[in-house]
Amino acid sequence: MQNPKAATAAPIQTPPMPPRLGDEILRVKDVCRGFNKTQGELLVLDDANLSLREGEIVGLLGRSGSGKSTLLRIIAGLIEPTDGEVTYMGKPLAGPAEGVAMVFQTFALFPWLTVLQNVEAGLEAQGVPARE
């Protein structure tokens, strides 16, 4: 006599297919973000729209205070937009996005070192010897 519980196996889940070159990875649609200040709300982003595709290299440029870091924090899922929507890998972004990382230059870099020396300093702090 067979055990009836042994016959019911859990379904095998296949991992999602990685995006192919040109596939949309991220969409920012009509995103707004404001911050409450004592003088009223400060609107930092107003109807921001962006689409990023697999294989693209993108630069985000703007004056200090123009909302670059705020947009990056929204894309990474660290803060929510006041309005609009963000989708990552075809799904609405809710919380920190898996596979997305962000390094803030202001708090982590030594301005007197080169880019390479700054990277080496981080590696050395982790116990990885710098290259000779």
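Above: the structure in question.
Just so it is clear, the structure is predicted and the values come from calculations on it, not from any experiment.

## Looking at the overall build of the chain
Right, so step 1: Each helix and strand in the chain was counted, giving 3 helices and 4 strands.
Right, so step 2: Walking the chain from its N terminus toward its C terminus, one meets helices and strands in the order β-β-α-β-β-α-α.
Right, so step 3: Counting across all 132 residues of the chain, residues that qualify as buried make up 17%.
Right, so step 4: The long-range fraction of contacts in the chain, counting pairs at least 24 apart against all pairs at least 6 apart in sequence, stands at 50%.

## Things to note about the nonpolar core
Right, so step 1: Within the largest apolar cluster, 12 residues are counted, these being Ile 25, Leu 26, Val 28, Val 31, Leu 45, Ala 48, Leu 71, Ile 74, Ile 75, Val 86, Tyr 88 and Ala 97.
Right, so step 2: Every element with two or more residues in this core is listed here: strand 1 (24-37), strand 2 (40-53), helix 1 (68-75) and strand 3 (83-88).
Right, so step 3: Looking at this core element by element, the count peaks at 4 residues for strand 1.
Right, so step 4: Beyond its immediate stretch of four places on either side in the chain, Ile 25 contacts Pro 19, Leu 52, Arg 53, Glu 54, Thr 87, Tyr 88, Met 89 and Gly 90.

## Structural notes on the sheet that holds strand 4 (residues 91-92)
Right, so step 1: In space, the 4 strands of this open sheet follow the order 2-1-3-4, with antiparallel pairing throughout. Two strands bound the open sheet, and with one partner strand each, they are strand 2 and strand 4.
Right, so step 2: On top of the sheet, helix 1 reaches strand 1, strand 2 and strand 3; it is set at about 125° to strand 1, its chief contact.

## So, the packing of aromatic side chains
Right, so step 1: Counted under the stated rule, the structure contains 1 aromatic pair.
Right, so step 2: Each ring, one from Phe 110 and one from Trp 112, has its centre 5.2 Å from the other, and the planes form 40°; the classification is tilted.

## Some thoughts on the pattern of salt bridges
Right, so step 1: Taken as a whole and judged by the stated rule, the model has 3 salt bridges.
Right, so step 2: One salt bridge connects Arg 27 with Glu 24, and the closest N-O pair in it is separated by 2.8 Å.
Right, so step 3: A relative accessible area of 34% means that Arg 27 is categorised as partly exposed.
Right, so step 4: Relative accessible area serves as the criterion here: at 29%, Glu 24 is assigned to the partly exposed category.

## Points about a nonpolar patch on the surface
Right, so step 1: There is a patch of nonpolar side chains on the surface, built from Val 115, Val 119 and Leu 123 and spanning about 270 Å² of accessible area.
Right, so step 2: As for its placement among the helices and strands, Leu 123 is situated in helix 3 (residues 115-125).
Right, so step 3: The class for Leu 123 is partly exposed, based on a relative accessible area of 37%.

## As for the environment of Gln 39
Right, so step 1: Summarising the element assignment, Gln 39 is placed in the loop between strand 1 and strand 2.
Right, so step 2: Classification of Gln 39 as exposed rests on a relative accessible area of 71%.
Right, so step 3: Here Thr 38 takes part through its side chain, which lies 3.4 Å from a polar atom of the side chain of Gln 39.

## Considerations on the side chain of Arg 33
Right, so step 1: With respect to the helices, strands and loops of the structure, Arg 33 is situated in strand 1.
Right, so step 2: Buried and unpaired, Arg 33 has Glu 80 as its nearest opposite-charge partner, separated by 6.7 Å.
Right, so step 3: Of note is the side chain of Arg 33, whose polar atom sits 2.5 Å from the backbone oxygen of Glu 80.
Right, so step 4: Apart from residues lying up to four places away in sequence, Arg 33 is in contact with Leu 42, Leu 43, Val 44, Leu 45, Thr 70, Ile 74, Ile 79, Glu 80, Pro 81 and Thr 82.

Cut-off values and rules
Residues numbered from 1 in each chain as written. Predicted model: local features only at pLDDT ≥ 70, side-chain atom pairs only at ≥ 80, totals over all residues. Heavy atoms only, no water. Helix = DSSP H or I, 4+ residues; strand = E, 2+ residues; numbered from the N terminus. Buried < 20%, exposed > 50% of the residue type's maximum accessible area, 1.4 Å probe, protein only. Contact = heavy atoms within 4.5 Å. Core = buried A, V, L, I, M, F, W, Y, C linked by side-chain atoms within 4.5 Å. Pairing = 2+ DSSP bridges. Axes fitted to C-alpha atoms, helices over the stretch in contact; angles between N-to-C directions. Phe/Tyr/Trp six-rings, centres within 6.5 Å; stacked < 30°, edge-to-face > 60°. Salt bridge = Lys/Arg side-chain N within 4 Å of Asp/Glu carboxyl O. Patch = residues over 30% accessible without salt bridge, like charges linked within 9 Å, V, L, I, M, F, W, Y side chains within 5 Å. Areas by Shrake-Rupley, 256 points an atom, 1.4 Å probe, with all protein chains shown as cover. Polar contact = N/O pair within 3.5 Å; in protein donor to acceptor, adjacent residues only side chain to side chain. Lys, Arg positive; Asp, Glu negative; His and termini not counted.

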